[in-house]
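The chain contents come next:
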Amino acid sequence: VALRVFGGRPLFIDEITQLIQAQMFAGGRLWRATGPHPEFFGSIFIANAGGRTFAQFPAGGPAMLVPGVLLGVPWISNPVWGAIAVMAFAAFARAAEPRPGVALGATILFAFAPLALFMSGTHMNHVPTLMFVTIAMAAMARVMTASAPRPWVALLNGLALGCAATIRPVDALAFALPAGAWFLVRAIRDPKRWADAFAAGVGVALPLAALFWINAQTTGRPLLFGYELVWGKNHALGFHAAPIGMAHTPARGVELINIYLLQFQTYLFETPVPSLLPVIAAFALT
């Protein structure tokens, strides 16, 4: 898919911008000095601040392209991360599903669903995020089904969630909040499980510390991300003017959610049958 469909090239502006940042990382730099005519070398997703030029995206996404850049084949990174995501999902399915046939079928479906397959052929940061989230799911399933504390596995869970947060922070938060609540409830019920909760917390903190350090070196403040530097408060969560100009209202939010669901029905399996139909049927059967 990466070679035959996308020609091994980044085609979307997000991909191009993150590959530029990955090339900086591969060269041992967090940013490039802004030249005398930045208007000829920038884009809407490139930040220029204090004589530094760098991508607006969190550092984790471009960092995951660095292995491919160093090998001279940047396109190969995401297919590898996609494959690891499949293996992690298989481990999760075996821990969560007692019927081996169902776990295998779910894993095959995950591996060959067109949405996952085609996304894994891109340079988009969704793919390493998916990999880290599935690793976190697999590790957490092992911790929660174990009869005794598993702090090293819990540490892996935290590290994976922390790494996901260095790529797509809000996506990672959606998984980290319920995971943290689960660890907390288990620790309150069984004090020996505090070892798991503490290890998971340390795991989350380590990648975030690296991200905050990189932010401090680029934007000037640990908690200031590049996209906030470029777009200001318009990039914050909530209802207000969107970065590209239009007003993001509750009505537009409902409209966008509806569009996402309609597109999800089309692109998940690329079949004549709406993709959400079997999902709804599965929920009905349970």
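Our subject is the structure that appears above.
Read on for an overview of the structure. Since we're looking at a predicted model, the values are computed, not measured.

Formed by 33 residues in total, the largest nonpolar core has its most connected members in Met64, Met131, Phe132, Ala154 and Phe183. Counting only elements with at least two residues in this core, the list comes to α4 (77-96), α5 (100-112), α7 (126-145), α8 (151-165), α9 (169-189) and α10 (194-218). Looking at this core, the element that brings in the most residues is α7, giving ten residues. Each residue touching Ala154, except ones within four places of it in the same chain, is listed here: Val143, Phe183, Asp196, Ala199 and Ala200. Counting eleven residues, the second-largest nonpolar core is a separate cluster that includes Leu19, Phe25, Ala59 and Phe225.

As a further point, take the packing of aromatic side chains. Under the definition given, this model contains four aromatic pairs. For the ring pair Phe89 and Phe92, a centre distance of 6.2 Å and an interplane angle of 50° mean the geometry is tilted. Residue Phe89 and its partner Phe92 are both found in helix α4; the two are separated by three residues, about one turn of the helix. On the basis of relative accessibility, which here comes to 17%, the residue Phe89 falls in the buried class.

The next point concerns the pattern of salt bridges. Opposite charge on two side chains permits them to pair, given that their charged atoms come into close proximity. For the structure on display, the rule yields three salt bridges. Glu97 is the salt-bridge partner of Arg99, the closest N and O atoms lying 2.8 Å from each other. Residue classification places Glu97 among the buried positions, given a relative accessible area of 18%. Taking the shortest distance from any N to any O, the salt bridge between Asp196 and Arg193 comes out at 3.3 Å.

Before going further, it helps to spend a moment on the environment of Glu15. As for its position among the elements, Glu15 is in helix α1 (residues 13-26). Setting aside residues up to four positions removed in sequence, Glu15 forms contacts with Pro10, Thr122, His123 and Met124. A polar atom in the side chain of Glu15 sits 3.3 Å from the backbone nitrogen of Leu11.

Take the packing of α4 against α5 next. Axis angle and axis distance: for two packed helices, these are the angle between their axes and the distance between the axes, and together they describe the pair. Direction vectors running N to C along α4 and α5 enclose 155°, while the axes themselves pass 9 Å from each other. Judged on the interaxial angle alone, α5 and α4 are roughly antiparallel. Crossing hand, α4 versus α5: right-handed. Contacts between α4 and α5 involve Ala85, Val86, Phe89, Ala90, Ala93 and Arg94 on the former and, on the latter, Ala103, Ala106, Thr107, Phe110 and Ala111.

Turning next to the sheet that holds strand β1 (residues 32-33). If you walk across this open sheet you meet the three strands as β1-β3-β2, and the pairing is antiparallel. Pairing within the sheet leaves two strands with one partner each, and these edge strands are β1 and β2 (46-49). The pairing of β2 with strand β3 (residues 52-55) spans four bridges and is classified as antiparallel. Looking at the pairing, Ala47 lines up with Phe54 of β3.

Quick look at a nonpolar patch on the surface now. On the surface, Val1, Val5, Leu104, Ile108, Phe112, Leu117 and Phe118 cluster together to form a nonpolar patch covering roughly 630 Å² of accessible area. Mapped by element, the contributors of at least two residues to the nonpolar patch are α5 and α6 (114-119). The biggest single contributor to the nonpolar patch is α5, with three residues. With respect to the element layout, Leu104 can be found in helix α5.

With 25 residues, α10 extends 36 Å between its outermost C-alpha atoms, agreeing within 8% with the 36 Å of an ideal straight helix rising 1.5 Å per residue. Inspection of α10 places Asp196, Ala197, Ala199, Ala200, Gly203, Pro207, Leu211, Ile214, Asn215 and Thr218 among the buried residues, and these make up the whole buried set. For α10, the secondary structure elements touched by its buried residues are β3, α7, α8 and α9. Two residues or fewer past α10, Gly220 is found with a positive phi of approximately 100°.

Another point: α1. Relative to the 20 Å expected for 14 residues at 1.5 Å per residue, α1 spans 20 Å between its end C-alpha atoms, a close match to the ideal helical length. Restricting attention to buried positions, one finds in α1 the residues Asp14, Glu15, Thr17, Gln18, Leu19, Gln21, Ala22, Met24 and Phe25. Turning to α1, the residues buried within the fold contact β1, β2, β3, α2 (60-63) and α3 (66-71). Positive backbone phi, at 80°, marks Gly28, one or two positions downstream of α1.

About the thresholds
- Residues numbered from 1 in each chain as written.
- Predicted model: local features only at pLDDT ≥ 70, side-chain atom pairs only at ≥ 80, totals over all residues.
- Heavy atoms only, no water.
- Core = buried A, V, L, I, M, F, W, Y, C linked by side-chain atoms within 4.5 Å.
- Buried < 20%, exposed > 50% of the residue type's maximum accessible area, 1.4 Å probe, protein only.
- Helix = DSSP H or I, 4+ residues; strand = E, 2+ residues; numbered from the N terminus.
- Contact = heavy atoms within 4.5 Å.
- Phe/Tyr/Trp six-rings, centres within 6.5 Å; stacked < 30°, edge-to-face > 60°.
- Salt bridge = Lys/Arg side-chain N within 4 Å of Asp/Glu carboxyl O.
- Polar contact = N/O pair within 3.5 Å; in protein donor to acceptor, adjacent residues only side chain to side chain.
- Axes fitted to C-alpha atoms, helices over the stretch in contact; angles between N-to-C directions.
- Parallel < 35°, antiparallel > 145°, perpendicular 65-115°, else oblique.
- Left-handed = near helix turned anticlockwise from the far one by under 90°.
- Pairing = 2+ DSSP bridges.
- Patch = residues over 30% accessible without salt bridge, like charges linked within 9 Å, V, L, I, M, F, W, Y side chains within 5 Å.
- Areas by Shrake-Rupley, 256 points an atom, 1.4 Å probe, with all protein chains shown as cover.
- Expected span 1.5 Å × (residues − 1).

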